[in-house]
Amino acid sequence: MDVLRELESMLENLVDKYTELKKEKTDLQTQYDELFNEYEKVNSEKEELSNLVEELKRKNDEVENHLNQIKSTLISRLGDEFREENFNDQLSAEDSSPENPNQNQY
């Protein structure tokens, strides 16, 4: 009879341990699921941020190209104005020179 009681006690202990392990497994599975969901969320955010960075890089390139076009246009206009101003200065200098007899006819 003692052997049966010992066996019964051992079985109860095993059942208790099994129940504890089963509960622990359930808890671990829940934690895993939560972590996996968090991982998917973070991964999705990472992808969104990566797309945003690419979009910002593209917009930055567009702005840089536009600014370079503006810069080139301004440099070209300033060059044109400078050449025109020098040309007008030269014409004025020629008009006021004593070699030009037609000056002040009116």
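Residues numbered from 1 in each chain as written. Predicted model: local features only at pLDDT ≥ 70, side-chain atom pairs only at ≥ 80, totals over all residues. Heavy atoms only, no water.

1. A look at the overall build of the chain
Inclusion rule: A run of DSSP states H or I qualifies as a helix once it reaches four residues; a run of E qualifies as a strand once it reaches two. Both are numbered from the N-terminal end. Note that accessible areas follow from Shrake-Rupley with a 1.4 Å probe, and for residues the cover is restricted to the protein chains shown.
Helix and strand counts for the chain stand at 1 helix and 0 strands. Summed over all atoms, the accessible surface of the chain reaches about 10500 Å², with 54% contributed by carbon and sulfur.

2. Regarding the pattern of salt bridges
Definition in use: Think of a salt bridge as a Lys or Arg side-chain nitrogen and an Asp or Glu carboxyl oxygen that are within 4 Å of each other. Burial classes follow relative accessibility: with a 1.4 Å probe on protein chains only, a residue under 20% of its type's maximum area counts as buried, one over 50% as exposed, and anything between as partly exposed.
Following the criterion strictly, the structure yields 4 salt bridges and no others. Across the salt bridge formed by Glu54 and Lys57, the nearest N and O atoms sit 3.9 Å from each other. Here Glu54 and its partner Lys57 are both found in helix H1 (residues 2–95), 3 residues apart, which amounts to about one turn of the helix. Residue classification places Lys57 among the partly exposed positions, given a relative accessible area of 46%.

3. Remarks on a negative patch on the surface
Going by this rule: Patch membership is restricted to residues that have no salt bridge and whose relative accessible area is over 30%. Joining uses 9 Å for like charges and 5 Å for the nonpolar side chains Val, Leu, Ile, Met, Phe, Trp and Tyr. Under the counting rule used here, the positive set is Lys and Arg, the negative set is Asp and Glu, and His together with the chain ends is not counted. Charge positions are represented by NZ for Lys, CZ for Arg, CG for Asp and CD for Glu.
On the surface, a cluster of negative charge is contributed by Glu8, Glu12, Asp16, Glu20 and Glu24. Its location among the elements puts Glu24 in helix H1. According to the relative accessible area criterion, Glu24 is partly exposed, its value standing at 46%.

4. Quick notes on the packing of aromatic side chains
As a reminder of what qualifies: Ring pairs are drawn from Phe, Tyr and Trp, using the six-membered ring of Trp, whenever the two centres fall within 6.5 Å, and their geometry is named by plane angle: stacked under 30 degrees, edge-to-face over 60, tilted for the rest.
Under the definition given, this model contains 2 aromatic pairs. Between Tyr32 and Phe36 the ring centres are 6.1 Å apart and the planes differ by 20°, which places this aromatic pair in the stacked class. One end of the pair, Tyr32, and the other, Phe36, are both in helix H1, 4 residues apart, so they sit about a helical turn from each other. An angle of 35° between the planes, with centres 6.1 Å apart, marks the rings of Phe36 and Tyr39 as tilted. Of this pair, Phe36 and Tyr39 both sit in helix H1, separated by 3 residues, roughly a single helical turn. Through a chain of ring-to-ring contacts, the aromatic side chains of Tyr32, Phe36 and Tyr39 assemble into a single cluster.

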